[in-house]
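Listed here are the chains, written in short residue letters.
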Amino acid sequence: MFKKDLQASPKQKLKSSVQRSLRNSLLASYPLLEAHIDEVMPKKGSLEAMKLPDRCTLYVMDNAPLFFQQDSNTLLPHLKLVHRFPAAFPSIRIDRGAIRFVLSGATLMAPGLTSAGGRLPRDDGPPAGTGPGLEDKLDEDERWSRELEKGEPVVIRAEGKTEACAVGLLVAATREVKEKGKGPVVEEAHFLGDGLWKLATD
């Protein structure tokens, strides 16, 4: 989505009512951010919106990019926010062989996740929408603790790397990926080194 470089556009300050609404949406999508929300979006901070191409909006707090939104209501975290709070977002892990494809903006395919180096959620994990949600975490085997559904936002980590390399939306549920073992899994929205990563927000 952001394969090309982006031109910075003027930022627009958001009203406090809009900031409150976005804060609530963010917590609804990522309940594990609750412990950090006052650091991410301080109540006295100034949240700004920057319009990007393709009807996309980037939200920025004190020049730090936080999250973006395109068409749908889904708020996707900017990778710089993911790197600050890596445990707050649902994730899957690709094997080493898939890294170069992901970093070129290709759609993530199942084999990069089902191989020995890949990690999908635990087989015994509860499905999305069940359980308190705040138990979501990576286990000792680096598997997310619950299954993820089609349309859910997900962070992509890579075998042998400490920081996440991409963020996108699942086009298939993780249970389905395990069963079929083929086909597209994540349409990438944002990856390391893309136009959104390089965009100046100050």
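Computed from a prediction, not measured in an experiment: that's the story for all the values here.

The rules behind each value
- Once a new chain begins, its residue numbering starts again from 1 and follows that chain's sequence as written.
- Local features are withheld for residues below a pLDDT of 70 in this predicted model, meaning they are given only at 70 or higher, and side-chain atom pairs are given and counted only at 80 or more; totals for whole chains, interfaces and linings count all residues.
- Just so you know, side-chain values use all the structure's heavy atoms and leave hydrogens and water out.
- Think of it this way: any DSSP run of H or I at least four residues long counts as a helix, any run of E at least two long counts as a strand, and we number them from the N terminus.
- The globule rule used here is 2.2 Å times the number of residues to the 0.38 power, and the radius of gyration it is set against is calculated over C-alpha atoms.
- When charges are counted, Lys and Arg are positive and Asp and Glu negative, with His and the chain ends excluded.
- We put the charge of a Lys on NZ, of an Arg on CZ, of an Asp on CG and of a Glu on CD.
- For the purposes of this description, domain bounds are those given by an automatic or database domain assignment.
- Contact definition: two residues touch when any of their heavy atoms are within 4.5 Å.
- Buried area, as used here, totals the accessible surface that two parts lose on assembly, with accessibility defined by a 1.4 Å probe and the loss added over both.
- Each reported salt bridge corresponds to a side-chain nitrogen of Lys or Arg within 4 Å of a carboxyl oxygen of Asp or Glu.
- As used in this structure description, the phrase polar contact means that two N or O atoms lie within 3.5 Å; if the pair is within protein, one of them must be able to donate a hydrogen and the other to accept it, and residues adjacent in sequence are counted only when both atoms belong to side chains.
- The span one expects for a helix is its residue count, reduced by one, times 1.5 Å.
- Only protein chains enter the area calculation, which uses a 1.4 Å probe; residues under 20% of their type maximum are buried, those over 50% are exposed, and those in between are partly exposed.
- This arc describes the spread of directions from the helix axis toward the C-beta atoms.
- Strand pairing is defined by DSSP finding a minimum of two bridges between the two strands.
- Fitted lines through C-alpha atoms serve as axes, helices being fitted only where they are in contact, and the angles separating the N-to-C directions of these axes extend from 0 to 180 degrees.

### Here we look at the overall build of the protein chain
No. 1: A count of helices and strands for the protein chain gives seven helices and ten strands.
No. 2: A compact globule built from 202 residues should have a C-alpha radius of gyration of about 17 Å, and the protein chain, at 16 Å, falls within 12% of that.
No. 3: Dimensions of the protein chain, computed from C-alpha atoms along their principal axes, come out at roughly 45 × 40 × 30 Å.
No. 4: Of the charged side chains in the protein chain, 29 are positive and 28 negative; the average position of the first set lies 4 Å away from that of the second.

### A closer look at the domain arrangement of the protein chain
No. 1: As far as domains go, the protein chain holds domain 1 (11–84) and domain 2 (91–191).
No. 2: Using C-alpha coordinates to define each centre, domain 1 is positioned 23 Å away from domain 2.
No. 3: In this complex, domain 1 contributes eleven residues to the contact, which on the side of domain 2 involves 16 residues.
No. 4: Counting each side, the surface lost to burial between domain 1 and domain 2 is near 1,100 Å², with a carbon and sulfur contribution of 79%.
No. 5: Applying the counting rule to domain 1 against domain 2 returns zero salt bridges.
No. 6: At the surface where domain 1 touches domain 2, the tally comes to two residue pairs in polar contact (both at pLDDT 80 or more).
No. 7: Sorting the residues of the side of domain 1 that touches domain 2 by element identifies β5 (75–77) and α3 (79–84) as the ones contributing at least two each.

### Here we look at helix α1 (residues 16–29)
No. 1: Here α1 spans 20 Å end to end across 14 residues, near enough to the 20 Å set by a 1.5 Å rise per residue.
No. 2: Burial in α1 covers these residues: Gln 19, Leu 22, Arg 23, Leu 26 and Leu 27. Projected down its long axis, α1 shows its buried positions confined to an angular sector of 135°, all on one face. Residues of α1 that are exposed and point more than 90 degrees away from the buried face comprise Arg 20, Asn 24 and Ala 28.
No. 3: In the core, the buried residues of α1 are packed alongside α2 (37–40), β2 (47–52), β3 (56–61), β4 (64–70) and β5.

### Things to note about the sheet that holds β4
No. 1: With antiparallel pairing, the five strands of this open sheet are ordered in space as β1-β2-β3-β4-β5. Single-partner strands in this sheet number two, and they are β1 (11–13) and β5. Strand-to-strand twist in this sheet, taken as the mean axis angle between neighbours without regard to direction, amounts to 30°.
No. 2: The sheet contact formed by β4 and β5 spans three bridges and is antiparallel. Bridging across to β5, Phe 68 finds its partner in Leu 76.

### Let's talk about the pattern of salt bridges
No. 1: Tallying each qualifying case throughout the model produces ten salt bridges.
No. 2: For Lys 11, the salt bridge is made with Glu 48, and the minimal N-O distance between the two is 3.8 Å. Taken together, the residues span a long stretch of sequence, with Lys 11 in strand β1 and Glu 48 in strand β2 at a distance of 37 residues.
No. 3: Using a relative accessible area of 18% as the deciding quantity, one classes Glu 48 as buried.
No. 4: Between Arg 146 and Glu 152 there is a salt bridge; the shortest N-O distance is 3.2 Å. The residues Arg 146 and Glu 152 share a single accessibility class, namely buried.
No. 5: Counted as one network, the salt bridges with shared partners bring together Arg 93, Glu 142 and Arg 157.

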